[in-house]
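Below, each chain spelled out in residue letters.
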Amino acid sequence: MELIWLIKVEYVEDYKLKLFFNDNTIGIVDLRASFHGPIFEPLKEIEYFRKFKLNSWTVEWPNGADFSPEFLHSLAVQNKVELVNK
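Only a predicted model underlies this, so the values are computations on that prediction, with no experimental measurement involved.

Aromatic ring pairs are defined here through the distance separating the ring centres and the angle between the ring planes. The full count for this structure, using the stated rule, is seven aromatic pairs. Ring centres 5.2 Å apart and planes at 65° place the aromatic pair tyrosine 15 and phenylalanine 49 in the edge-to-face group. Residue tyrosine 15 is found in the loop between strand 1 (6-13) and strand 2 (16-21), and its partner phenylalanine 49 is found in helix 1 (residues 46-49); the two are separated by 34 residues along the sequence. Taking the relative accessible area as the measure of exposure, tyrosine 15 reaches 9% and is therefore buried. Seen from their ring centres, phenylalanine 67 and phenylalanine 71 are 5.6 Å apart, and the 25° between their planes marks the pair as stacked. If you follow lysine 8 out to its NZ or CZ, it ends over the ring of phenylalanine 20, 5.0 Å from the centre.

Here's what the structure looks like:
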């Protein structure tokens, strides 16, 4: 199994991010329904959500909240909003 990680992240709108993966998958995911637990509470405020950054493998917020690249990849594939597999 190939390791998956993000190589680029772009803000789209609301709680949607366009994600670019190392396996050439590109997808737009809506993370609004994924904020479970105290660490994700600040992300419910759109201005805080927009403070994301790309670390060496996934998207991360200033408070340390992040999602595994495998989870994000599965959302991108499952939603098939904008998906390109090469």
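Right, picking up where we left off after that structure.
The grouping of Leu3, Trp5, Ile7 and Trp57 at the surface amounts to a nonpolar patch, some 430 Å² of accessible area in total. Along the chain, the position of tryptophan 57 falls in the loop between strand 4 (53-54) and strand 5 (59-60). Given a relative accessible area of 36%, tryptophan 57 falls into the partly exposed group.

So, about unusual backbone geometry. Phi is positive for aspartate 14, close to 45°, though the residue is something other than glycine. Within the fold, aspartate 14 resides in the loop between strand 1 and strand 2. According to the relative accessible area criterion, aspartate 14 is partly exposed, its value standing at 40%.

Core analysis: the largest hydrophobic core is formed by 22 residues, its most contacted members being Leu31 and Trp61. Contributions of two or more residues to this core are made by strand 1, strand 2, helix 1 and helix 2 (69-79). If we ignore the near neighbours within four places in the chain, the residues touching leucine 31 are Tyr15, Leu17, Phe49, Trp61, Phe67, Leu72 and Leu75.

Ordered in space as 1-2-3, the three strands form an open sheet in which the pairing is antiparallel. Lying at the two open borders of the sheet, with one neighbouring strand each, are strand 1 and strand 3 (26-30). Sheet twist, expressed as the average angle between the axes of neighbouring strands with direction ignored, equals 25°. Here strand 1 pairs with strand 2 via six bridges, running antiparallel. When the bridges of strand 2 are listed, glutamate 13 appears paired with lysine 16.

Rules and cut-offs
Residues numbered from 1 in each chain as written. Predicted model: local features only at pLDDT ≥ 70, side-chain atom pairs only at ≥ 80, totals over all residues. Heavy atoms only, no water. Phe/Tyr/Trp six-rings, centres within 6.5 Å; stacked < 30°, edge-to-face > 60°. Helix = DSSP H or I, 4+ residues; strand = E, 2+ residues; numbered from the N terminus. Buried < 20%, exposed > 50% of the residue type's maximum accessible area, 1.4 Å probe, protein only. Lys NZ or Arg CZ within 6 Å of the ring centre and 35° of its normal. Patch = residues over 30% accessible without salt bridge, like charges linked within 9 Å, V, L, I, M, F, W, Y side chains within 5 Å. Areas by Shrake-Rupley, 256 points an atom, 1.4 Å probe, with all protein chains shown as cover. Salt bridge = Lys/Arg side-chain N within 4 Å of Asp/Glu carboxyl O. Core = buried A, V, L, I, M, F, W, Y, C linked by side-chain atoms within 4.5 Å. Contact = heavy atoms within 4.5 Å. Pairing = 2+ DSSP bridges. Axes fitted to C-alpha atoms, helices over the stretch in contact; angles between N-to-C directions.

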